[in-house]
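Here's the letter readout for the chains.
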Amino acid sequence: MAYINDNFTKIHHRYLFAEVAKRVAAYKEQNPDAQIIRLGIGDVTQPLVPAVIEAMHRAVDDCAKAETFHGYGPEQGYNFLIDKIIAHDYTPRGIHLDSDEVFISDGAKSDLGNIGDILSANNVIGVTDPVYPVYVDTNSMAGRQIRYIPCTEQNGFTGDIPAENLDVMYLCFPNNPTGAVITREGLRRWVDYALSHNTLIMYDSAYEAFITDPEIPHSIYEINGAKECAIEFRSFSKTAGFTGVRCGYTVIPKELKIKSSDGSLVALNPIWNRRQCSKFNGASYISQRGAEAVFSAEGQRQTKEVINYYLTNAKIIRDSLQKSGFTAFGGENAPYIWLKTPKGEDSWKFFDRLLHSAQVVTTPGAGFGTSGEGYIRITAFGSRENCIEAMERIEKIG
Ligand code: MLT
């Protein structure tokens, strides 16, 4: 007899974005001619930049010849990519990393979910609320207890440092879903908390490319001591339009150690390496060559142009909403706008109203947690025309 992991039967029966997709599909079936504008899931709409496309074409050609063919790559990723990541994303910020501290993967979502493999089921997990559902779902699947730290207008959506001991704390800045950013001092407070409580921070920095304010940290390792308490997750999805290509990376510094059940300290880096060797065969050579091209001079110029395009969309969305009398947050160093529903309307109701009356798809804040009630999330990843058109339609329904 096989037995299910009961934890799976206890979680929400549908993933948030699947529920949104189901409602949109039902509406579309009844209104086949509706011109729906999708600003719900944070999926990119602009094509991959030429530097990436050319590199991927070359990689395909490599695979067409026996002399340059690539089969299984290193489980940790190719050094040609790891070295560029370190040289571009970390060294200029005064962060030293060895190449075996960076693990290439098929995206941050997988790593954020899989990292739980190496943690005890007894850990008490802290998440900011509202929260990217993956942190909650994957820890619930493992049967871990979760504590929610409210992120509200009052605390700038960054959460207050908790009084209680948390074993693991997930942070995401720029934040999904609120679009909030954290200052260096704010992040310092979390690192100090982690160091003094032996808390492991999972730092999701998937949206760092959207930071334009030089005062806002891109990496948690900009804060002294963070290498002893934090894992950082990054992605090419939003930085370079890789949502369909799949490539991301996770940094586990060698200094990072946590307790084993006998009380001894264990370094996480070799443990994660061991896990990856058994469970992962590496991201594809073609994706990694594409990701490498993001760091070329052309790749940098072209991807920055796309990021600026989305940031301009975000500004248009935020400004139009504010002009129409709505209260909106985020969207300045982030691709997400966090819109307060009018008169405290229930966020799923407002979502439905926007879908039915304006044919605009958003994401209801309540889907991201209790503190998301009374908000909806709008992404800036649409085309310019769609963002403008969506704002005109929303303004009309008020
Ligand atoms: C989102 O809409 O929150 C993101 O697209 C989901 C993701 O990156 O997995």
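Residues numbered from 1 in each chain as written. Predicted model: local features only at pLDDT ≥ 70, side-chain atom pairs only at ≥ 80, totals over all residues. Heavy atoms only, no water.

A. Structural context of the site of the ligand. Residues in contact with the ligand, as listed here, are Phe 17, Ile 41, Gly 42, Lys 109, Tyr 132, Asn 176, Lys 238, Tyr 336 and Arg 377. In this structure, Gly 42 approaches the ligand through a main-chain N or O atom, which is 2.6 Å from an oxygen atom. Asn 176 has a polar side-chain atom sitting 2.8 Å from an oxygen atom of the ligand. Coverage of the ligand by the protein chains reaches 85% of its 260 Å² of free accessible surface. Here the shell around the ligand is built from residues that sort into four nonpolar, two polar and three charged. Residue assignment places the shell around the ligand across two domains, with domain 1 (6–46 + 298–397) and domain 2 (51–296) each supplying three or more. (Near = heavy atom within 4 Å. Polar contact = N/O pair within 3.5 Å; in protein donor to acceptor, adjacent residues only side chain to side chain. Areas by Shrake-Rupley, 256 points an atom, 1.4 Å probe, with all protein chains shown as cover. Nonpolar A, V, L, I, M, F, W, Y, C, P; charged D, E, K, R; others polar. Domains from an automatic or database assignment.)

B. Spotlight on the sheet that holds strand β14 (residues 363–364). The four strands lie next to each other as β11-β12-β15-β14, forming an open sheet whose pairing is antiparallel. Two strands close off the open sheet at either side, each with one partner strand: β11 (328–330) and β14. Of the pairings in the sheet, the one linking β11 to strand β12 (residues 336–340) comprises three bridges and is antiparallel in character. Note on β12: the bridge partner recorded for Gly 330 is Ile 337. (Pairing = 2+ DSSP bridges. Helix = DSSP H or I, 4+ residues; strand = E, 2+ residues; numbered from the N terminus.)

C. Seen up close, the packing of helix α2 (residues 16–30) against helix α12 (residues 347–358). Contact pair α2 / α12: the axes reach a minimum separation of 11 Å and the direction vectors enclose 35°. Here α2 runs over α12; the crossing is right-handed. Here Leu 16, Glu 19, Val 20, Arg 23, Val 24 and Tyr 27 of α2 come into contact with α12, specifically with Trp 348, Phe 351, Asp 352, Leu 355 and His 356. In terms of residue class, the contact of α2 with α12 is made up of seven nonpolar, one polar and three charged. (Axes fitted to C-alpha atoms, helices over the stretch in contact; angles between N-to-C directions. Left-handed = near helix turned anticlockwise from the far one by under 90°. Contact = heavy atoms within 4.5 Å.)

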